[in-house]
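Structure at a glance
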Amino acid sequence: MMGRPVGILGTGHYVPEKVLTNAQLEAMVETNDEWIVTRTGIKERRIAADHQATSDLAYEAARMALSNAGITADQLGLIVVATMTPDVMCPSTACILQDKLGAKKAAAFDLAAACSGFVYGLANGANFVASGMYDYVLVVGAEVLSRVTDYTDRNTCILFGDGAGAVVLGATEEGRGFEAFELGADGAGGPLLRGGCVGGSRYPNKECLPEGVTHYIWQNGREVFKFAVRIMENLTESVLAKAGKSKEDIKLLVPHQANIRIIQAAMDKLELTENEVMINVDRYGNISAATIPIALSEAVEAGRVSKGDTVVLVGFGGGLTWGGAVLTW
């Protein structure tokens, strides 16, 4: 990355109070705790209150990140919100968040890359700081997936939850910060994972949906699983190589929290231990763009990241998209 070095100055996260357990799902659809845990590793997930929208969750995570970074909202030059569940189509959730924070000097936009969205946002934000255009950038991953989840579909309703994670990016000292990014997409795989069809130009309302198309999240689980396992290993090794490093240098891998079997398969292939991988899918499930920043924030809070550590962030999801980042903490 050209320009001044850029790092993460502060992290933050927020999850709603309401917990939806596997036992509660047993009463809603034909499933059971053992089946869910065995196949996904998920034991519970968080669900937003009726009055909460994506911007509300993003606001709480952003406040924490700003506090931990030691800056105020009026110092922000840019706000990027990665989400597939915006409050509304327009204005952007980033603009709504800007107003909530009182960040009057900040430009703001949303970014849609599903579960890879946060890493896409990091790459954008880091380059804005590196170029000198902005001194501080807030990048948020936030979702209220419960609003687009079909709780009669046993294959998908067990997977998703709500929450938000945020980071503040800024200039850092030489030898620290981001060393490499890698972003990718395969639009031909788009039909394998889709959601929230209603509200766009193709299907502006439910009445426009053709037979067989739902406004809920839908995925071809088997094909998405194979894609995720393959891309997670390859992407991790590829982005490390761009940074001039190898898997032996990893102090902490923070992957998208989609499924414990995907994470474990990558751990085996990369020869990583549980101490070298941040996992919280058991408590939150898949929160799309919010999983990586929530996991990173919790890792920092737990003291699992120290100055000089090599941290790798890896996301993959709908689009199909993928994104990886390597940084020295």
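Here, every reference points to the structure presented above.
Residues numbered from 1 in each chain as written. Predicted model: local features only at pLDDT ≥ 70, side-chain atom pairs only at ≥ 80, totals over all residues. Heavy atoms only, no water.

Moving on, we get to the overall build of the protein. Secondary structure assignment for the protein yields nine helices and 13 strands. A compact globule built from 329 residues would reach a C-alpha radius of gyration of about 20 Å, and the protein, at 19 Å, matches this within 12%. Put simply, the protein has 329 residues, and 55% of those count as buried. Split by element, the accessible area of the protein, about 13600 Å² in all, is 48% carbon and sulfur. (Helix = DSSP H or I, 4+ residues; strand = E, 2+ residues; numbered from the N terminus. Rg over C-alpha atoms; globule rule 2.2 N^0.38 Å. Buried < 20%, exposed > 50% of the residue type's maximum accessible area, 1.4 Å probe, protein only. Areas by Shrake-Rupley, 256 points an atom, 1.4 Å probe, with all protein chains shown as cover.)

Moving on to the packing of aromatic side chains. All told, the structure shown has three aromatic pairs when counted by the stated rule. On the basis of an interplanar angle of 55 degrees and a centroid distance of 6.1 Å, the ring pair of F227 and W322 is categorised as tilted. Taken together, the residues span a long stretch of sequence, with F227 in helix α6 (residues 221-242) and W322 in strand β13 (residues 321-328) at a distance of 95 residues. Lying across the ring of W35, R154 places its NZ or CZ 4.7 Å from the centre. (Phe/Tyr/Trp six-rings, centres within 6.5 Å; stacked < 30°, edge-to-face > 60°. Lys NZ or Arg CZ within 6 Å of the ring centre and 35° of its normal.)

In this section: the sheet that holds strand β11 (residues 252-255). If you trace the four strands from one edge of the open sheet to the other, you get β8-β13-β12-β11, paired in mixed fashion. Where the open sheet ends on each side, the last strands, each with one partner, are β8 (177-185) and β11. Recorded for the sheet is a direction-independent mean angle of 10 degrees between the axes of neighbouring strands. Of the pairings in the sheet, the one linking strand β12 (residues 310-317) to β13 comprises eight bridges and is antiparallel in character. (Pairing = 2+ DSSP bridges. Axes fitted to C-alpha atoms, helices over the stretch in contact; angles between N-to-C directions.)

The subject of this paragraph is helix α2 (residues 33-40). Taken together, the buried positions of α2 are W35, I36 and T40. End-on, the buried residues of α2 take up no more than an arc of 95 degrees, which puts them together on one face. Opposite its buried face, α2 presents the exposed residues E34 and T38, each directed more than 90 degrees away. Where α2 is buried, its residues contact α1 (22-26), β3 (44-47), α7 (260-270) and α8 (281-284). For α2, the side-chain oxygen to backbone nitrogen distance between the N-cap and E34 is 3.2 Å, and the N-cap itself is N32. Residue G41 follows α2 closely and has a positive phi angle near 85 degrees. (Arc of directions from axis to C-beta. Contact = heavy atoms within 4.5 Å. Polar contact = N/O pair within 3.5 Å; in protein donor to acceptor, adjacent residues only side chain to side chain.)

Turning our attention to the environment of I250. Secondary-structure assignment places I250 in the loop between α6 and β11. Since its relative accessible area comes to 2%, I250 is described here as buried. Separated by 86 residues in the primary sequence, I250 and A164 place their C-alpha atoms 25 Å from one another. Leaving out residues up to four positions away in the same chain, I250 has contacts with T236, L240, L272, E276, T310 and V312.

Counting residues in hydrophobic clusters, the biggest one holds 34 residues, and the most contacted among them are L122, L169, F178, V254 and L313. Counting residues in hydrophobic clusters, the runner-up holds 26 residues, among them L240, A243, I250 and A266. (Core = buried A, V, L, I, M, F, W, Y, C linked by side-chain atoms within 4.5 Å.)

On to helix α3 (residues 54-69). A turn of α-helix holds 3.6 residues, and therefore any two residues three or four places apart point the same way. In this model, α3 (16 residues) spans 22 Å end to end at C-alpha, consistent with the 22 Å of a helix rising 1.5 Å per residue. Taken as a whole, α3 has its buried residues at T54, S55, L57, A58, A61, A62, A65, L66 and A69. Angularly, the buried residues of α3 cover 160 degrees about the axis, an arc narrow enough to put them on a single face. Tucked into the core, α3 has its buried residues touching β1 (6-14), α4 (93-101), β6 (136-144) and β7 (162-171). Following α3 by one or two positions, G70 has its phi on the positive side, about 75 degrees. (Expected span 1.5 Å × (residues − 1).)

Burial analysis of β1 places seven of its nine residues in the buried class, the great majority of the element. Where β1 and β7 come together, eight bridges link them in antiparallel fashion. Among the inter-strand pairings, G10 is bridged to a residue of β7, identified as V168.

The quantities given are spatial measurements derived from coordinates; they are silent on function.
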